[in-house]
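Next come the chains, spelled out residue by residue.
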Amino acid sequence: MKPIGVLGAGSWGTALATHAGSAGLSVELWARDRELAREMETTRRNTKYLPEADLGPSVRITSQLEDLARLSTLLVVVPSHGFRDIVTRLVSLRDSADPLTLVSATKGIETESLSRMSEVVEQIAEESGIPIRYAVLSGPTFAAELAVGQPSAAVIASSDHELASELGRLLSTERFRLYSSDDVVGVELGGATKNVIAIGAGIVSGLGLGHNTLAALITRGLHEISRLGVACGGEIRTLSGLAGLGDLVLTCTGGLSRNRRTGMALASGKTVAEIQSETSMVAEGIRNSLSVTRLARRQKIEMPITEQMMAVLYEGKPSKDAVRELMTRSLKSEAAL
């Protein structure tokens, strides 16, 4: 079987590489940091991002992007703000005009262009002249749990239904079930926007508010996500499934959620700069609060929770004031769009 590549050795990239190796695939895992790559190759663990996971014998680690440029199937697991650069560099290193299959496991939207990762790949393919088959993988999955074999489920979506099914068969095991979909827009937006709502959930917990408050925030957060997703061409059933509701609930309630922890830290009085200085992990919701707010405004979609999170993160609004403003908004029908 031809090897597959994983671009990005953070916690999620390492977990996917470990899973793929345990599924019987030969895996090339790329780490940007040379020292980290050397350490992982020697110890067979990623002590920096995912110490729980044993990489296993089927995973090879490299810091040379050229090593992955020769492969035909790649999982891209890098932060959204680095996605375009890494994929552009990878494509420029290819010496083959054969189609390249890219599976994005990145949950985000570009801040300036407001492009989803599928749109970024489409632009790169057009500029490079290299045909790229694209899919996105997303769902309620914590890296640490997937890496140690806890049963999980997610969605893999592509406009090419056969590709989604093919990749689902390739990566699914008895412990990781992948459902196929053709709704790329819905899956991508569900993954990006839930991170913003999860910061709000962390604020709710950090302020000591109760389950009533958290349930209301999650439910209204899903309403916001669905409103934006449908406006951009996504399907409502996708956003009520694993890549929407499922991922939202996990990220808003799970102790392993970086975005939830970010919200809790904000509620305690820490600044964004202080929070980011304390960890090497990326909380995508920080950047996504800005990009999702801008996208919603462009689409003329009202997203009050997202707007408040953007104000807390970028304008210094106190968390308590954000909650108060959400609770005192004008009353309306629950079904109102």
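Residues numbered from 1 in each chain as written. Predicted model: local features only at pLDDT ≥ 70, side-chain atom pairs only at ≥ 80, totals over all residues. Heavy atoms only, no water.

Visitor: Whenever I open this one, the overall build of the protein chain confuses me. Can you help?
Guide: A tally of helices and strands in the protein chain yields 16 helices and eight strands. In terms of overall size, the protein chain behaves like a compact globule, its C-alpha atoms giving a radius of gyration of 19 Å where 337 residues would be expected to give roughly 20 Å. Based on the C-alpha atoms only, the size of the protein chain along its principal axes is roughly 60 × 40 × 35 Å. For the protein chain, the proportion of its 337 residues judged to be buried stands at 56%. When contacts within the protein chain are restricted to residue pairs at least 6 apart in sequence, those whose partners lie at least 24 apart make up 71%. About 14,900 Å² of surface is accessible on the protein chain, with carbon and sulfur atoms providing 51% of the total. Here the protein chain carries 36 positive and 38 negative side-chain charges, and the mean point of each set is 4 Å from the other. (Helix = DSSP H or I, 4+ residues; strand = E, 2+ residues; numbered from the N terminus. Rg over C-alpha atoms; globule rule 2.2 N^0.38 Å. Buried < 20%, exposed > 50% of the residue type's maximum accessible area, 1.4 Å probe, protein only. Contact = heavy atoms within 4.5 Å. Areas by Shrake-Rupley, 256 points an atom, 1.4 Å probe, with all protein chains shown as cover. Lys, Arg positive; Asp, Glu negative; His and termini not counted. Charge placed at Lys NZ, Arg CZ, Asp CG, Glu CD.)

Visitor: Would you take a moment to explain the sheet that holds strand β8 (residues 176-181) for this structure?
Guide: Either a parallel or an antiparallel arrangement is found when strands of a sheet pair, and the pairing is made through backbone hydrogen bonds. Taken in spatial order, the eight strands of this open sheet run β3-β2-β1-β4-β5-β6-β7-β8, and their pairing is mixed. Edge positions in the open sheet fall to β3 (59-62) and β8, since each of these has one partner strand only. Shown here is a sheet whose adjacent strand axes are inclined to one another by a mean of 25°, direction ignored. By the bridge criterion, five bridges tie strand β5 (residues 100-104) to strand β6 (residues 132-138) in an arrangement that is parallel. Paired with T101 across the two strands is R133, which belongs to β6. Together, β1 (4-7), β2 (27-30), β4 (73-76), β5 and β6 form the strand contacts of helix α4 (residues 80-93), whose direction differs from that of β5 by roughly 165°. (Pairing = 2+ DSSP bridges. Axes fitted to C-alpha atoms, helices over the stretch in contact; angles between N-to-C directions.)

Visitor: I would appreciate a short explanation of the nonpolar core in the present structure.
Guide: The tendency in soluble globular proteins is for nonpolar side chains to be buried side by side. The biggest cluster of nonpolar side chains holds 38 residues, and the ones touching the most others in it are W12, L16, V27, L29 and L137. Of the residues forming this core, the biggest block, five residues, is contributed by helix α1 (residues 11-22). Once residues lying within four places of it in the same chain are set aside, the contact partners of L29 are V6, G8, A9, G13, T14, A17, M40, V59, R60, I61 and T62. In this structure, L222, L266, A296 and M309 belong to the second largest nonpolar core, which totals 37 residues. (Core = buried A, V, L, I, M, F, W, Y, C linked by side-chain atoms within 4.5 Å.)

None of this, on its own, says anything about what the molecule does.
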